[in-house]
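A look at the structure
The residues making up each chain are set out below.
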Amino acid sequence: MKLYIKHMASNRCKITVKEQLTKLGLHFNFVDLGEVEIMENISTEQRQQLQECLLGVGLELMDNDKAILIERIKNVVIETVHHSEEKVKVNFSHYLSEKLGEDYTSLANLFSEVQGITIEKFLIAHKVEKVKELLAYGEYSVTQIASKLDYSSVAHLSSQFKKTVGMTPSQFLKLKSKKRRPIEEIGKSTKTAYLESLKTTTIKNKIKIFLVDDDPVFLRLLEIQFLENDKFTLETFKTGELCIENLYHKPDIVILDYYLNSVIKKAMNGLETLDKITKLDVALPVIMLSSQDRIDVAVDCLHHKAIDYVVKNETAFMRLQKIIATILSYNKMEKKLNWFEDRM
């Protein structure tokens, strides 16, 4: 009996699923990405138990035929890009069609309709993320990576990388924190996830965000990610002084680097800037960013009245989305409460 499981994106997921099946006394012929074949016909009760176990580890049994097919498409891409050493010798569209036994046009239309992104762009997003991984390891040259991932040339790789990430591979290598994304988050459309929740929390005006960081590459990367959603307007600053000077522009949220003075030594650091912002406008939400994953740094920021603290890693942007959605939701409720109290 075959079962299809959502969010299985790595070999670690395979191990986790095997453990859950064994716990329930179920025997399996194979466990692959997104797909399991068990020897028994499981009962409704056993299926429910398995579903609960999988949900507890971030996975999910699927029943809907369309959802299963979408997940199978994703898993072929993930397996091909991240887990296979063999090059695909035909066009990927032909390879995918043969692998799933379905017409490629039908697969492409379904995938675009449900996911809000084409299969081609989903594949490119995974290939670029694999390039980032291999660059970060430092074991291969860009030429070797291009060959390994079946790019026609280094120029082709660099062009695709820059278009997707907003910088060249050589600029990416210079980053202090080489941002990467979990496999299950790669290729998600900005129409989904936490930016979707902003539609219910924003008002008529766009959300104005100040980005304050002295790392120009990271600053540009963050700017590109925010501008993918038309709910935001951005102002970027390299120093705390410039941020303070422009507070009359009335930002809704400030995202502020912890160090900030690593380039201009006499500039204010992040905490000094945070203190000045708080004195000028105690209600203005400030989110602190730092490459340091240390509890004492986070506590320090919160003591200085930052609303939250985010580590500069592969999940930083997703974390910022969550915090911003929470801030906006709270502010909306607060406005409603104030409106009510004014009429008491």
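Residues numbered from 1 in each chain as written. Predicted model: local features only at pLDDT ≥ 70, side-chain atom pairs only at ≥ 80, totals over all residues. Heavy atoms only, no water.

**Describing the overall build of the protein**
Assigned secondary structure in the protein consists of 15 helices and 9 strands. The 344 residues of the protein split such that 44% are buried. The long-range share in the protein, meaning contacts at least 24 apart out of those at least 6 apart in sequence, stands at 63%. Total accessible area on the protein is roughly 19,100 Å²; 51% of this is exposed by carbon and sulfur atoms. (Helix = DSSP H or I, 4+ residues; strand = E, 2+ residues; numbered from the N terminus. Buried < 20%, exposed > 50% of the residue type's maximum accessible area, 1.4 Å probe, protein only. Contact = heavy atoms within 4.5 Å. Areas by Shrake-Rupley, 256 points an atom, 1.4 Å probe, with all protein chains shown as cover.)

**Some points on the sheet that holds strand β6 (residues 232–237)**
Strand order in this open sheet of 5 strands is β6-β5-β7-β8-β9, and the pairing throughout is parallel. Two strands in the sheet have a free side with no partner beyond their single neighbour: β6 and β9 (308–311). Direction aside, the axes of adjacent strands within the sheet are offset by 20 degrees on average. Relative to strand β8 (residues 286–290), strand β7 (residues 253–257) runs parallel, the two being bridged by 4 bridges. Counted as the bridge partner of V254 is V286 from β8. (Pairing = 2+ DSSP bridges. Axes fitted to C-alpha atoms, helices over the stretch in contact; angles between N-to-C directions.)

**Side note on the packing of aromatic side chains**
Here the structure, examined in full by the defined rule, presents 7 aromatic pairs. For the pair F92 and Y95, a centre-to-centre distance of 6.0 Å together with 40 degrees between the ring planes defines the contact as tilted. A residue pair is termed a helical-turn pair when its members lie 3 or 4 positions apart in one helix, as F92 and Y95 do in helix α4 (residues 92–100) at 3 residues. Judged by relative accessible area, which is 25%, Y95 ranks as partly exposed. Between F226 and F232, the aromatic rings sit 5.1 Å apart at their centres with planes inclined by 80 degrees, giving edge-to-face as the arrangement. Summarising the burial analysis for this pair, F226 and F232 share the class buried. One aromatic cluster in this structure is built from F226, F232 and F317. Its guanidinium or amino end placed over the ring of Y151, K127 lies 4.2 Å from that ring's centre, counting from NZ or CZ. (Phe/Tyr/Trp six-rings, centres within 6.5 Å; stacked < 30°, edge-to-face > 60°. Lys NZ or Arg CZ within 6 Å of the ring centre and 35° of its normal.)

**Some thoughts on helix α11 (residues 216–227)**
Given 3.6 residues per turn, any residue in an α-helix points the same way as the ones three and four places further on. The terminal C-alpha atoms of α11, which comprises 12 residues, lie 16 Å apart, in line with the 16 Å expected from a rise of 1.5 Å per residue. The complete set of buried residues in α11 reads F218, L219, L221, L222, E223, Q225 and F226. (Expected span 1.5 Å × (residues − 1).)

**Quick look at helix α6 (residues 119–137)**
If you check α6, its first and last C-alpha atoms are 27 Å apart, about what 19 residues at 1.5 Å a residue would give, namely 27 Å. With 14 of 19 residues buried, α6 lies mostly within the body of the structure. Among the residues trailing α6, G138 stands out with phi positive, at a value near 75 degrees.

**Side note on the nonpolar core**
Looking at soluble globular proteins, one finds that nonpolar side chains tend to be buried together. I209, L222, F226, I255, I287 and I324 are the most contacted members of the largest nonpolar core, which has 36 residues in total. Among the elements that take part in this core, helix α15 (residues 316–342) stands out by supplying 7 residues, more than any other. If we ignore the near neighbours within four places in the chain, the residues touching I209 are F226, F232, T233, L234, E235, I253, I255 and I324. Formed by 23 residues, the second largest nonpolar core is a distinct cluster that contains V212, F237, V286 and V311. (Core = buried A, V, L, I, M, F, W, Y, C linked by side-chain atoms within 4.5 Å.)

**Remarks on the side chain of E235**
Tracing the backbone shows E235 in strand β6. Contact partners of E235, with chain neighbours within four places excluded, come to K208, I209, F210, L211, N246 and H249.

**Comments concerning the pairing of strand β5 (residues 207–212)**
Side-chain direction in a regular strand flips from residue to residue, so the side chains alternate between the two faces of the sheet. With 5 of its 6 residues buried, β5 lies for the most part within the structure. Inspection of the sheet shows β5 paired to β6 by 6 bridges, in the parallel sense. The residue of β6 that forms the bridge with K208 is T233. As a crossover connection, the stretch from β5 through α11 into β6 is right-handed. In terms of strand pairing, β5 meets β7 through 4 bridges, oriented parallel. Along β7, the bridge assignment pairs L211 with I255. (Right-handed = clockwise from strand over helix to strand, strands pointing away.)

None of this, on its own, says anything about what the molecule does.
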